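Overview (structure and organization)
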Amino acid sequence: MGSPDDHADEALALHNRRAGSFGARAAAYAQHRPDYPAGAIRWALARVADRRPPVVLDLGAGTGKLTRGLLAIGASVIAVEPDTHMLAELIRRFPDVTAHTGTAEAIPLPDDSVDAIIAGQAFHWFDLDRAYPEFLRVLRPGGVLAALWNTADDSVKWVAGLKEVDRSSVSAAQPPSGQIVLPAHPLFDEHEFERSTFPHRHRRTAESLTATIGTQSHTLVIPPEERAELLDRIMDYLRGQPETAEGEFDLPIVTSVLRTTLRTAD
């Protein structure tokens, strides 16, 4: 039986493998992952909306799923992404966006350079003890930190069933849809943390939804045989449900948004 330290090391190693698993599937990620609703993005940035345009750091930008929505609402976007393959896909899709290789723990931007930092489907990968001081450094006074997550709406019966089927050997317990929390930190005002949820949807077929799940980290780091069995099981489930068996359908999504404002000096 391993020691607590051994288990902690194993958990950290798995976390790091999952965090770094997306680059090899960058094109599929760009093709199959959902975007974010405009209302959720506007709410995230509401406190800096009067800055024309707000300069927004899209942190852990991936292939640009959030970048597109930020541009659509008129933000000036700087994208930072650690994986070079993901970043190359973003640059291919958005050649006019300023983009850098970098991490939340070492943001490649000057002090006081952005009005907001926003992370789509990425905040849980950050080392917060190292990242929060970087957020403080690059945010301007009154700046906003926000995080968005898309989760399938498991209040819908067939989606709840899919979540039972969609489990690999490295899957972790997930909170109910819309229940993600942003860890507090003394550099930000814990009393100002706010959370909202927005309904969203992703137009899919059984094949394309299976492909979407195939871009999730818990399916990318498992052995090929387990991955093939998992994706076959998901496809069989979807083909067996009346809502998803044939043609296109909407995957119902809950988009959770968490935001807080930089703590100002007393």
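Higher on the page you've got the structure.
Details of the pattern of salt bridges
Enumeration over the complete set of coordinates arrives at 15 salt bridges. A salt bridge links Arg93 to Glu89, with the shortest nitrogen-to-oxygen separation between them at 3.0 Å. Residue Arg93 and its partner Glu89 are both found in helix H5 (residues 84–93); the two are separated by four residues, about one turn of the helix. You can call Arg93 partly exposed: its relative accessible area is 32%. Arg137 is the partner of Asp111 in a salt bridge, and the nearest nitrogen-oxygen pair spans 2.9 Å. Remark: Arg137 occurs in helix H6 (residues 128–138) and Asp111 occurs in the loop between strand S3 (98–101) and strand S4 (114–120); sequence separation between them is 26 residues. Taken together, the shared-partner salt bridges in this structure form one network comprising Arg201, Arg203, Glu248 and Asp250.

Observations regarding unusual backbone geometry
Across the chain, the bulk of peptide bonds are trans and the bulk of non-glycine residues have phi less than zero. Here Arg52 and Pro53 are connected by a cis peptide whose omega angle stands at -15°. One non-glycine residue with positive phi stands out, namely Asp112, at about 50°. Its location among the elements puts Asp112 in the loop between S3 and S4. Residue Asp112 is classed as partly exposed on the basis of its relative accessible area of 47%. We note that Gln121 has phi near 60°; this positive angle belongs to a residue other than glycine. In this structure, Gln121 sits in the loop between S4 and H6. Given the relative accessible area of 19%, Gln121 is considered buried.

Concerning the packing of helix H8 (residues 206–213) against helix H10 (residues 224–239)
Between H8 and H10, the least distance of the axes is 9 Å, while the angle of their chain directions is 145°. Here H8 and H10 pass one another in a crossing that is right-handed. Side by side, H8 and H10 meet where Ala206, Glu207, Leu209, Thr210 and Ile213 of the first sit next to Leu231, Ile234, Met235, Leu238 and Arg239 of the second. Considered class by class, the residues forming the contact of H8 with H10 number seven nonpolar, one polar and two charged.

Calculation criteria
Residues numbered from 1 in each chain as written. Predicted model: local features only at pLDDT ≥ 70, side-chain atom pairs only at ≥ 80, totals over all residues. Heavy atoms only, no water. Salt bridge = Lys/Arg side-chain N within 4 Å of Asp/Glu carboxyl O. Helix = DSSP H or I, 4+ residues; strand = E, 2+ residues; numbered from the N terminus. Buried < 20%, exposed > 50% of the residue type's maximum accessible area, 1.4 Å probe, protein only. Axes fitted to C-alpha atoms, helices over the stretch in contact; angles between N-to-C directions. Left-handed = near helix turned anticlockwise from the far one by under 90°. Contact = heavy atoms within 4.5 Å. Nonpolar A, V, L, I, M, F, W, Y, C, P; charged D, E, K, R; others polar.

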